[in-house]
There are 2 protein chains.
Amino acid sequence: MGFNIKDVASLAGVSPSTVSRVVANHPRISEETRERVRAAMKELDYHPNAIARSLVKKTSETIGLLIPNPIDQFFLNPFFTECLRGITSVTEQEGYDVLLSTSNGTGFTDEMRLQHMIGSKRVDGIILLNSKMHDPLISILEENHVPCVLIGRPSTTTSISWVNNDNVKAAYDATKHLIEHGHTRIGFLSGSQELVVSVDRLSGYHAALRDRNLPFDPNLIVTAEFLEQGGYSGMMRLLALPDRPTAIVASDDVLAFGAMRAAGELGYHIPDDLAIIGFNDMHLAKMANPPMTSMNVHIDELGKVAAEMLLDQITKANRGKRTVIIQHNLVIRRSCGSQVQPTYEAF
Amino acid sequence: MGFNIKDVASLAGVSPSTVSRVVANHPRISEETRERVRAAMKELDYHPNAIARSLVKKTSETIGLLIPNPIDQFFLNPFFTECLRGITSVTEQEGYDVLLSTSNGTGFTDEMRLQHMIGSKRVDGIILLNSKMHDPLISILEENHVPCVLIGRPSTTTSISWVNNDNVKAAYDATKHLIEHGHTRIGFLSGSQELVVSVDRLSGYHAALRDRNLPFDPNLIVTAEFLEQGGYSGMMRLLALPDRPTAIVASDDVLAFGAMRAAGELGYHIPDDLAIIGFNDMHLAKMANPPMTSMNVHIDELGKVAAEMLLDQITKANRGKRTVIIQHNLVIRRSCGSQVQPTYEAF
DNA sequence: ATGAAAGCGCTAACAG
DNA sequence: CTGTTAGCGCTTTCAT
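Small disclaimer: the values here were computed from a predicted structure and weren't measured. (Residues numbered from 1 in each chain as written. Chains lettered and ligands numbered in written order. Predicted model: local features only at pLDDT ≥ 70, side-chain atom pairs only at ≥ 80, totals over all residues. Heavy atoms only, no water.)

Focus on the nonpolar core
Piece 1. By size, the foremost hydrophobic cluster in this structure holds 166 residues, and its most contacted members are Met235 of chain A together with Ile127 and Met235 of chain B.
Piece 2. Counting residues per element, this core draws most heavily on helix H14 (residues 299–316) of chain B, which supplies nine residues.
Piece 3. Non-local contacts of methionine 235 of chain B, meaning those with residues more than four positions away in its chain, are made with Leu189, Ile248, Ala259, Ala262, Ala263, Leu274 and Ile276 of chain B.
Piece 4. Counting 34 residues, the second largest nonpolar core, distinct from the first, contains Leu99, Ile126, Leu128 and Ile138 of chain A. (Core = buried A, V, L, I, M, F, W, Y, C linked by side-chain atoms within 4.5 Å. Buried < 20%, exposed > 50% of the residue type's maximum accessible area, 1.4 Å probe, protein only. Helix = DSSP H or I, 4+ residues; strand = E, 2+ residues; numbered from the N terminus. Contact = heavy atoms within 4.5 Å.)

Structure, rendered in structure tokens:
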């Protein structure tokens, strides 16, 4: 318990540096001493102290993930799990661990937590989630020259790399789909306009209306938190309008679920009375009643590519700025009035 | 960029130890030097190197979470997110971060990853998920005297603390509910019998049948992975029986979803032809068609209590073994044939 | 109240 | 191929 490199060295009758070399698989070590050291390591159940190693090598084989506040609200949206699944699918292959910056108790802002994560040297790079408009986190990252990748689009010019969907186009496509179904009054359930993703999706909605010469009615746009409750109350407001929408684009599936619940309570039938399209195509979507049409933006892929890009920066010192766009595709089910077979999908 | 304690010290005209003291809020520092040091820290944008600190203090303000292999399969079940939500709700208050041990690329087993996490000294304590029967991880934890808490019940006597549900009783209650609805042929969709939770839930099912003098038919028990696909194929097998069950207890909601899909494809109507009860009451459950009756075991609470217990061990050196049982409650919706109002629930 | 010095466990020149 | 030496950046006695 708690043996260190010196203990192993003296048991094997060599110097600490030799032990260090066999641990690191240094080539120029005689087979004989290598064996002897290995035996000593096993006998003492020696495990190298990663902290000490980290201190001298200045790498930690760990990447950091900054969970934006409020933390537990973030976990409520399946977005996080999907992202993390993508991220870990590459870290596990490359031998990296993932540090979640959660500590917030002492009233730390996201900026302070990011500064701390960088300054504390516990991670070799950082993945940032959920970029906000005029996000101060971006400039912190730039100033510090830390390897990092943003999941989402920065709202201002920046030198840091990012992965994103073409959210403008995705919302455009979703809205167009409803227009092609004959809808002219289409409501839009938006997430907070502080988030770039919300801004982009709203602007795609606008563009689609404009292209088809449909009038734009600000009353048809409701902003809510990315929570089911937000979708519910937003929808209630839309349905209370004298000239209610006949179709809804929700910029997140959880909003769409809330919207469906509100519609159900008021006695509207989906898709006959009201068409709904969600965003993200979470697993939930296919189990909804009726199964929900949703824009799949391949969140796991966002995470996967972000992690790959980050590890590239870290291991290859490849700091050139890269931006990647992940494709989207509309998964048509029954909530939008399309005539599709009642299919059964696996998770 | 990259200033250290010495840089701050010389700028402030003091010794490194003094800087260290003001960082640590040491009381016996004159107000004047404290100010001077703070100014220097701010000017250099100094952030203490947590790695160096960790090396000497032997604490990291980080707790480790060992994600069992296969990692990405684990993320597919919402169990993980809920657990993590509970865990982070306490770490964020207490100023701890969370390290996910994911690195697995070089063919590491769970044991090796645990050993590494402990030996590497990057975490002050460990939360273990998903205990298996005869789990070797448990003995590793015991031997190393690391602060740790198990989420789940250990299958053998052990000195380590754990949090769990009374899964035997929970499955008993779920099964009893179906029996009270008049069912006598009740199928059981189990997760892998290598997991303690599966064993417990199956034994609760047994006990309920026994208590009501119902015959036990091994054909009614199907074991599958905790994935929707597992529930689907398991259900297909049950429904192919000459004397098919009229009700199902699924030991996980994702299994129940797969079961519902299979039943749907074969033209069975739920709950009229077939009653189903799931386990975990994930958010999905209430959005199912029909809304799913499910045993809520309060997973976030498991995570929360586990984290609290762990931090207690770490900060108070409170190593006494503790075991906590989190209550369960059946959330009755429409998939089990109970006559309940079609209610609408928020997330 | 502050500084000097030793050392946490490891790696990396530099010698040999 | 292997050992010696000098740190990595910080905390912590022990002095003063």
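There's plenty left to go through after this.
Digging into the pattern of salt bridges
All names here are of chain B.
Piece 1. This structure, assessed with the given rule, holds 34 salt bridges over all chains.
Piece 2. Ionic pairing is found between glutamate 61 and arginine 53, a salt bridge with its closest N-O pair at 3.5 Å.
Piece 3. A salt bridge links glutamate 308 to lysine 304, with the nearest nitrogen and oxygen atoms 3.5 Å apart. Remark: lysine 304 and glutamate 308 occur in helix H14; sequence separation between them is four residues, near one turn of the helix. (Salt bridge = Lys/Arg side-chain N within 4 Å of Asp/Glu carboxyl O.)

Observations regarding the relation of the copies chain A and chain B
Piece 1. Of the two same-sequence chains, chain A is brought onto chain B (RMSD 0.1 Å, axial shift 0.1 Å) by a rotation of 180°. Taken together, the rotation and translation describe the operation of a two-fold axis. Looking at the rotation axis and the C-alpha trace of chain A, the residue lying nearest is leucine 99 of chain A, at 2.2 Å.
Piece 2. Taken as a fraction of all interface residues of chain A, those also at the interface in chain B reach 100%, which identifies the copy contact as same-surface. (Least-squares fit on C-alpha atoms with pLDDT ≥ 70 in both.)

Looking at the side chain of threonine 18 of chain B
Piece 1. Assignment of secondary structure puts threonine 18 of chain B in helix H2 (residues 16–23).
Piece 2. Among all residues touching threonine 18 of chain B, those that are not within four sequence positions of it are Ile29 and Val37 of chain B.

Things to note about the packing of helix H11 (residues 228–239) of chain B against helix H12 (residues 253–265) of chain B
Residues and elements named next belong to chain B.
Piece 1. Where H11 contacts H12, the axes come no closer than 6 Å and their chain directions differ by 50°. With respect to H12, the element H11 is oriented oblique. Considering how the two elements wind past one another, H11 and H12 form a crossing that is right-handed. Side by side, H11 and H12 meet where Glu228, Gln229, Gly230, Gly231, Tyr232, Met235, Met236 and Leu239 of the first sit next to Val254, Leu255, Phe257, Gly258, Ala259, Arg261, Ala262, Ala263 and Glu265 of the second. (Axes fitted to C-alpha atoms, helices over the stretch in contact; angles between N-to-C directions. Parallel < 35°, antiparallel > 145°, perpendicular 65-115°, else oblique. Left-handed = near helix turned anticlockwise from the far one by under 90°.)

Digging into the pairing of strand S4 (residues 148–151) of chain A
All names here are of chain A.
Piece 1. On S4, burial covers both faces: Cys148 and Leu150 on one face and Val149 and Ile151 on the other are all buried.
Piece 2. Looking at chain direction, strand S3 (residues 125–129) and S4 are connected through four bridges and run parallel. Paired with leucine 129 across the two strands is isoleucine 151, which belongs to S4.
Piece 3. With respect to chirality, the unit in which S3 leads through helix H8 (residues 136–144) into the neighbouring parallel S4 is right-handed.
Piece 4. With three bridges connecting them, S4 and strand S5 (residues 161–165) associate as parallel partners. Bridge assignment links valine 149 to a residue of S5, and that residue is serine 161. (Pairing = 2+ DSSP bridges. Right-handed = clockwise from strand over helix to strand, strands pointing away.)

Concerning the protein's contact with DNA strand C
Piece 1. Close contacts around DNA strand C come from 25 residues, with Ile5 and Tyr46 of chain A together with Thr18, Arg21 and Arg28 of chain B the closest.
Piece 2. When the atoms of DNA strand C within 4 Å of the protein are grouped by moiety, sugar and phosphate amount to 75% of the total.
Piece 3. At 2.7 Å from a phosphate oxygen of DNA strand C is found a side-chain nitrogen or oxygen belonging to serine 20 of chain A.
Piece 4. Between a phosphate oxygen of DNA strand C and a main-chain N or O atom of serine 15 of chain B, the distance comes to 2.8 Å.
Piece 5. Of all elements in the fold, only helix H2 (16–23) and helix H4 (50–57) of chain A together with H2 and helix H4 (50–57) of chain B reach the threshold of two or more residues within the surface near DNA strand C.
Piece 6. If you tally residues by element for the surface near DNA strand C, the top one is H4 of chain A, at four residues.
Piece 7. Among the residues making up the surface near DNA strand C, the classes are represented as nine nonpolar, ten polar and six charged. (Near = heavy atom within 4 Å. Polar contact = N/O pair within 3.5 Å; in protein donor to acceptor, adjacent residues only side chain to side chain. Nonpolar A, V, L, I, M, F, W, Y, C, P; charged D, E, K, R; others polar.)

A word on the packing of helix H1 (residues 5–12) of chain A against helix H3 (residues 31–44) of chain A
Residue and element names in this part refer to chain A.
Piece 1. Where H1 meets H3, the axes come as close as 9 Å, and the angle between the chain directions of the two elements is 125°. Considered as vectors, H1 and H3 are oriented oblique to each other. Two packed elements cross with a definite hand, and for H1 against H3 that hand is right-handed. Residues Asp7, Val8, Leu11 and Ala12 of H1 pack against Arg36, Val37, Ala40, Met41, Glu43 and Leu44 of H3.
Piece 2. Residues of the contact of H1 with H3, tallied by class, amount to seven nonpolar, no polar and three charged.

A look at the sheet that holds strand S9 (residues 275–279) of chain A
In a beta sheet, neighbouring strands pair by backbone hydrogen bonds and run either parallel or antiparallel.
All names here are of chain A.
Piece 1. The sheet built from six strands is open, its strands ordered S7-S6-S8-S9-S10-S12 with mixed pairing. Two strands bound the open sheet, and with one partner strand each, they are strand S7 (221–223) and strand S12 (329–331). When strand polarity is set aside, the average angle formed by the axes of neighbouring strands in this sheet is 20°.
Piece 2. Alignment of strand S6 (residues 186–190) against strand S8 (residues 247–250), held across four bridges, turns out to be parallel. Opposite isoleucine 186, over in S8, you have alanine 247 as the bridge partner.

Describing H12 of chain B
Residues and elements named next belong to chain B.
Piece 1. In this model, H12 (13 residues) spans 18 Å end to end at C-alpha, consistent with the 18 Å of a helix rising 1.5 Å per residue.
Piece 2. In terms of burial, H12 is largely enclosed, as eleven of its 13 residues are buried.
Piece 3. Within the span of H12, buried status applies to Asp253, Val254, Leu255, Ala256, Phe257, Gly258, Ala259, Met260, Arg261, Ala262 and Ala263.
Piece 4. Measuring from the backbone nitrogen of valine 254 back to the side-chain oxygen at the start of H12 gives 2.9 Å, which picks out aspartate 252 as the cap.
Piece 5. Two residues or fewer past H12, glycine 267 is found with a positive phi of approximately 85°. (Expected span 1.5 Å × (residues − 1).)

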